Amino acid sequence: MSRVRQPPLVTGISPNEGAPWTKVTIRGENLGTGPADLIGLSICGHNCLLTAEWMSASKIVCRVGPAKDNKGQIIVCTKSGGPGTSTVSFKVLKPERIGILDQSAVWVDEMNYYDMRTDRNKGISPLSLRPANPLGIDIDKGKVPHKDLEGMFPGMSGDFTSENFSATWYLIENHSSTSFEHLRTAAGHLKKQATQKNEGSLAYVKGGLSTFFEAQDALSAIHQKLESDGTEKVEGSMTQSLENILNRASDTADALFQEVLGRKDRADSTRNALNVLQRFKFLFNLPLNIERNIHKGEYDVVINDYEKAKSLFGNTEVPVFKKVYEEVETRIGALRSLLLGKLLETPSTLHDQKRYIRYLSDLHASGDPAWQCISAQHQWILQLMQNARDQQGEARTVVSRLNFRRGSSFQTPRDDSWPGGGPQQLQFVERLTDVVISQLPNFWKLWISYVNGSLFSETGEKSGQVEKSKKNARQRQSDFKRMIEEVVQRLVLLLRGCLLPTSLPEIQLRLYGGWDNTPPLSGAHLTQAIHTIRLCHEALSALEIPNDLLQVIQDMLLELRVHCLLTTLQHTTEGVKRLADREDWIVDNEGITSLPAQFEQCVVQMLQSLKEPLECKPNEISILQLEAIQDQASELFVRIMKVFIGCLEELSMKTEGDLETSHISSDLSSPDLFSNTYEDFKPTPEQRLLIILSNCHYLEKHTFLNLAHHLETHGFTGTEHILSVSMEAVRKLDAGVFESYIELKADPIVGSLEPGIYAGYFDWKDCLPPTGVRSYLKEALVNIITVHAEVFSISKELVPRVCSRIIEAVAEEMSRLMQCVSSFSKNGALQARLEISALSDAISVYLTSESRGSFKQALEPLPQLHSGADKKLLEELLNKFKSSMHLQLSCFTPASSHPVKR
């Protein structure tokens, strides 16, 4: 099944505004697999496919048409992806027309000015020699600059009286906004004019019939008059006068004829000279014809005439012919110089270069014009690359001056960016790769044509020129290889100076660097630079350039991918450090704040951003297979984990003054349990410790495991080491925070036991019979219940751990106090057994082996109960205590451990 391509997405256009027919560069993604895949392109609703030039899958160059909408989107449609979308827009500017009396900063053509009164363009002079409107419809002068039209139609003209008239030029210039119906009407008008022109001669004859008849009548009248005068024999008649005139005319004619016969030899000589001129007028007119055809750009005609003249008169010994032929050679020499200049002129298209090379070859130019063109193109590409660097350097200078004028470095633009958007380094990379992608393919194709001889014969037929070209190409193959190598090396050096300055020696850094005053690129920008360079490498590989010449680009890409990986990890570390400032202390049902989720999201997003650098294109090496890089990445990941754990530790040690008012969710099912809980409050140090404990537990059980899975999915090795170190660090933090919380909560409870036992000078040896559990024990239980409620409000998962540890401390203290009593009376022993039993029974759900052992040790100093009455009394008092404390002790039952609904 073929892979479905994504629809085109336009993400940028430069410039983003301009007049109609402005040349723009469109950038985006999935813009087609080739020129044939591009089937639609519209800007502001106007179809621009006719002028579109597909450059790559991320770049299209075209001209904006006369769109009616002032502002609109750029929509690209391809065969493979269908219609696309756009995230940017283009604004069509409508420049105002300039009247004859208006001031203007630019030269205005006054031959066709705009009349405000009639709202039409009209000639400035009624004596204008320009012909009338041939289409017979209103002329609507477009907004296309004359220079753009000359660039679109080189060598042509929009004046239909010119020999190089272009109908397309005329329509764009005079009828760019005319509707199709009006143009159809104009076509009919042209046909009508042509028909009238053909019928003009016949109409002229028909119109002159009356004059012809009048002339015939006059001649008939004269004839009749002469016949009537012939009958008269008087002197002075019209007939006699006419006879005399005719006789004199005859005599004069005879005299002239005799004079002509006398000059017969000279007339024959003149006639022979005229015959020679007529017979060889091709040669005599050739210098002038050469000049005219050169001016018209018809070089093929010049070459054909020259070849004909050379074959006929190249070896002539006739002085006249020899002199004219020398003049022809002089003109042809000037043509060779002209064509060589045009050939070496840059920029130039591959088609024009081939054409000029063929012309020079046909004219037998000295040297090797094709190799001269290749050398000039090579220098032109190097100059364009240097210009890109110089222009970016000027941009940095301008930005630095602006920042200096602002008076403070704290007011510099974000990312020190160029007005076009994005960091300057990234814009330089795009500009530099555009130069290579746009120029190097034609340079390579020119060399291929030079090698296979197609520069001189498109049909591939063998000739002396083709064989000579192939021979020269074989001799200069190593020279061309050095040219390609120099271009690629220059590209890599400029990219290294911009993106990897530390990889260059000091000498090369001075030549190709100069980015010291710009901030370093982030991981996202480095990723975009990698994508751009990869597109450039793919474009060069498609030309079948040898891989050994492109290996330097692969080597630089490998270092850049490693640099991007390490930079992204370092920047992520800095971002994780700032997570502590984003803690809001709002807990969810599991007692977890948003901090662990933010940390996990931060790392996951970082891994997703590394997809491009970690991805292996053909002939690339996986950077994760490099042991040194894997070790560095593992250490940086460990550092990220430790930094986040350090954030938790920092939060646990902050004082109340360091915290801002936060919100904690404590919507318990029993709102009376915590009467002083409000929606807005500042968490106490104890509550913060509990939240940190809950977050540590979540990190250990979920977050770190999820991150380890993501690392393995993205191809990272050593996740076991990262996970073990992270687990050890978070457990260490958990133990420290837990001990701090237990110390804060257990010490007051344990410390209140001994004063409570001996309150009122109580003596175990001399005391009254027990009537119930004393107040000190109830207070201790209430304090434990308070701790239970506090922990439960944060995380029910922590309740068993915290309560068990506090009860261990209480049991240990009770054991110590009982063992310190020297002796017990009967009532004292019964009272002690009652209180120890009441305490152990109340908190039995949280008893551990240590706390059970402590309670057992506390009962050992007490004498055993042998009397049934004492056992019965003890049982009654225990039941009484449990009944009176039933509501308070209900929190220790297993049912209270169910999660509360929030």
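**Q** When you look at the pairing of strand 3 (residues 23-29) in this model, what are you seeing that I'm missing?
**A** Each regular strand shows side chains that alternate between the opposite faces of the sheet. Every second residue of strand 3 is oriented toward a common face, the buried set being Val-24, Ile-26 and Gly-28 and the non-buried set Lys-23, Thr-25, Arg-27 and Glu-29. In the sheet, strand 1 (residues 9-14) pairs with strand 3 via five bridges, with the strands oriented antiparallel. The residue of strand 3 that forms the bridge with Ile-13 is Ile-26. Relative to strand 7 (residues 59-63), strand 3 runs antiparallel, the two sharing five bridges. Each bridged residue has a counterpart across the sheet, and for Arg-27 the counterpart in strand 7 is Lys-59.

**Q** For this particular structure, what's the right way to read the confidence of the model for the protein chain?
**A** As a general rule, the predicted coordinates of low-pLDDT regions are not to be interpreted in detail. Taken over all residues, the pLDDT of the protein chain has a mean of 79, while the share at 70 or more is 82%. Contacts from residues 402-420, a stretch scored under 50 in pLDDT, to residues over four places away or in other chains number 22 contacts. Overall, residues 896-902 carries pLDDT values under 50, and its contacts beyond four positions in sequence, including any with other chains, amount to 21 contacts.

**Q** When you look at the sheet that holds strand 7 in this model, what are you seeing that I'm missing?
**A** Strand-to-strand pairing in sheets goes through backbone hydrogen bonds, with the strands running parallel or antiparallel. Taken together, five strands build an open sheet; the order of strands is 6-7-3-1-10 and the sheet is mixed. Of all the strands in the sheet, the pair left with one neighbour each is strand 6 (53-56) and strand 10 (85-86). Alignment of strand 6 against strand 7, held across three bridges, turns out to be antiparallel. Each residue of the ladder has a partner; that of Ser-56, found in strand 7, is Lys-59.

**Q** What is the right way to read the packing of aromatic side chains from this model?
**A** Aromatic ring pairs are described here by two measures, namely the spacing of the ring centres and the angle between the planes. Under the defined criterion, the tally for this structure stands at 14 aromatic pairs. Geometrically, the ring pair formed by Phe-313 and Phe-321 is edge-to-face, given 5.3 Å between the ring centres and 65° between the ring planes. The buried category is assigned to Phe-321, whose relative accessible area is 11%. Here Phe-443 and Phe-480 contribute two aromatic rings whose centre-to-centre distance is 5.2 Å and whose plane-to-plane angle is 35°, an arrangement assigned as tilted. With Phe-443 in helix 13 (residues 424-452) and Phe-480 in helix 15 (residues 477-499), this pair connects stretches of sequence that are 37 residues apart. In this structure Phe-443 comes out as buried when scored by relative accessible area, which is 0%. An aromatic cluster is defined as three or more aromatic residues linked by ring pairs; in this entry it consists of Trp-371, Phe-443, Trp-444, Trp-447, Tyr-450 and Phe-480. Cation over ring: Lys-308 sits above Phe-282, and NZ or CZ is 4.5 Å from the ring centre. The cationic tip of Arg-774 hangs over the ring face of Phe-762; the distance from NZ or CZ to the ring centre is 3.8 Å.

**Q** Got a minute to help me understand the pattern of salt bridges in this structure?
**A** Side chains that differ in sign of charge can pair as their charged atoms come close. Applying the stated criterion to the full structure yields 26 salt bridges. Between Arg-355 and Asp-352 there is a salt bridge, with the nearest N and O atoms lying 3.2 Å from each other. With Arg-355 and Asp-352 both in helix 11 (residues 350-362) and three residues apart, this pair spans about one turn of that helix. Judged by relative accessible area, Asp-352 falls into the partly exposed class, the value being 22%.

**Q** Before we go on, may I ask you to explain unusual backbone geometry in this structure?
**A** Negative phi values dominate among residues other than glycine, just as trans dominates among peptide bonds. Of note, the bond from Ser-14 into Pro-15 is cis; its omega dihedral lies within 30 degrees of zero at -10°. Residue Pro-347 is bonded to the preceding Thr-346 through a cis peptide linkage, with omega at 0°. Note that Pro-347 resides in the loop between helix 10 (319-344) and helix 11. Even without glycine at this site, Cys-44 takes up a positive phi of about 55°. Tracing the backbone shows Cys-44 in the loop between strand 4 (38-43) and strand 5 (46-47). On the accessibility criterion, Cys-44 (3% relative accessible area) is buried.

**Q** Even after reading the chapter, I still don't get helix 19 (residues 595-609), so can you show me in this structure?
**A** One turn of an α-helix holds 3.6 residues; hence residues three or four places apart share an orientation. Counted at 1.5 Å a residue, the expected span for helix 19 with its 15 residues is 21 Å, and the 21 Å between its end C-alpha atoms agrees. Looking at helix 19, one finds that the buried residues are Leu-595, Pro-596, Gln-598, Phe-599, Glu-600, Val-603, Val-604, Met-606 and Leu-607. Of the surrounding secondary structure, the elements contacted by the buried residues of helix 19 are helix 18 (547-577), helix 20 (611-614), helix 21 (627-653) and helix 22 (685-713).

**Q** Would you explain the packing of helix 18 against helix 19 in this entry?
**A** When two helices pack together, their arrangement is given by the angle between their axes and by how far apart the axes lie. Here helix 18 crosses helix 19 at 160°, and the two axes come no closer than 11 Å. Relative to helix 19, the element helix 18 is oriented roughly antiparallel. You can see that helix 18 and helix 19 cross each other, and the crossing is right-handed. Residues Thr-568, Leu-569, Thr-572 and Val-576 of helix 18 form the contact with helix 19, whose participating residues are Phe-599, Cys-602, Met-606 and Ser-609.

**Q** I'm lost on helix 2 (residues 167-174) in this one. Help?
**A** Looking at helix 2, one finds that the buried residues are Trp-169, Tyr-170, Ile-172 and Asn-174. Contact partners of the buried residues in helix 2: helix 1 (146-152).

**Q** How should I be thinking about the side chain of Thr-527 in this particular structure?
**A** By the element assignment, Thr-527 lies in helix 17 (residues 523-541). Apart from residues no more than four positions distant in its own chain, Thr-527 is found in contact with Cys-564, Ser-609, Glu-612 and Pro-613.

**Q** What's the story with the environment of Trp-764 in this structure? I'm lost.
**A** Structurally, the position occupied by Trp-764 is in the loop between helix 24 (753-757) and helix 25 (775-794). A residue is classified by how much of its surface remains accessible, and Trp-764, at 2% relative accessible area, is buried. Separated by 58 residues in the primary sequence, Trp-764 and Ser-822 have C-alpha atoms spaced 9.1 Å apart. If we ignore the near neighbours within four places in the chain, the residues touching Trp-764 are Ile-757, Tyr-758, Arg-774, Met-818, Val-821, Ser-823, Phe-824, Ser-825, Gly-828, Gln-831, Ala-832 and Glu-835.

**Q** Quick question: what am I supposed to make of the environment of Cys-767 here?
**A** Assignment of secondary structure puts Cys-767 in the loop between helix 24 and helix 25. When its relative accessible area of 13% is taken as the criterion, Cys-767 is described as buried. When the C-alpha positions of Cys-767 and Asn-827 are compared, they lie 6.2 Å apart, and in sequence the two are 60 residues distant.

Calculation notes
- What you see as residue numbers is a count from 1 along each chain, following the sequence as written.
- Under the rules for a predicted model, residues below a pLDDT of 70 receive no local features and side-chain atom pairs below 80 are neither given nor counted, while totals for whole chains, interfaces and linings still include all residues.
- For side-chain calculations, the full set of non-hydrogen atoms in the structure is used, while hydrogens and water are omitted.
- Between buried and exposed lies partly exposed: a residue is buried under 20% and exposed over 50% of the maximum accessible area for its type, with that area taken using a 1.4 Å probe on protein chains only.
- Helix numbering and strand numbering both begin at the N terminus, where a helix is a DSSP run of H or I of at least 4 residues and a strand a DSSP run of E of at least 2.
- By this definition, two strands are paired if DSSP reports at least two bridges between them.
- Per residue, pLDDT measures the predictor's confidence, with a range of 0 to 100.
- Contact definition: two residues touch when any of their heavy atoms are within 4.5 Å.
- Pairing of aromatic side chains requires ring centres within 6.5 Å, counting the rings of Phe and Tyr and the six-membered ring of Trp. Pairs whose planes differ by under 30 degrees are stacked, by over 60 edge-to-face, and all others tilted.
- Counted as over-ring charges are cases with an Arg CZ or a Lys NZ within 6 Å of the ring centre that also lie within 35 degrees of the ring normal.
- One side-chain nitrogen of Lys or Arg within 4 Å of one carboxyl oxygen of Asp or Glu is enough to make a salt bridge.
- Helices are assigned an expected span. That span is 1.5 Å times one less than the residue count.
- Angles shown run from 0 to 180 degrees and are taken between the N-to-C directions of axes, each axis being a line fitted to C-alpha atoms and, for helices, limited to the stretch in contact.
- For classification, angles of less than 35 degrees are called roughly parallel, those exceeding 145 degrees roughly antiparallel, those between 65 and 115 degrees roughly perpendicular, and all remaining angles oblique.
- A crossing counts as left-handed when the near helix is turned anticlockwise from the far one by less than a right angle, and as right-handed when that turn is clockwise.

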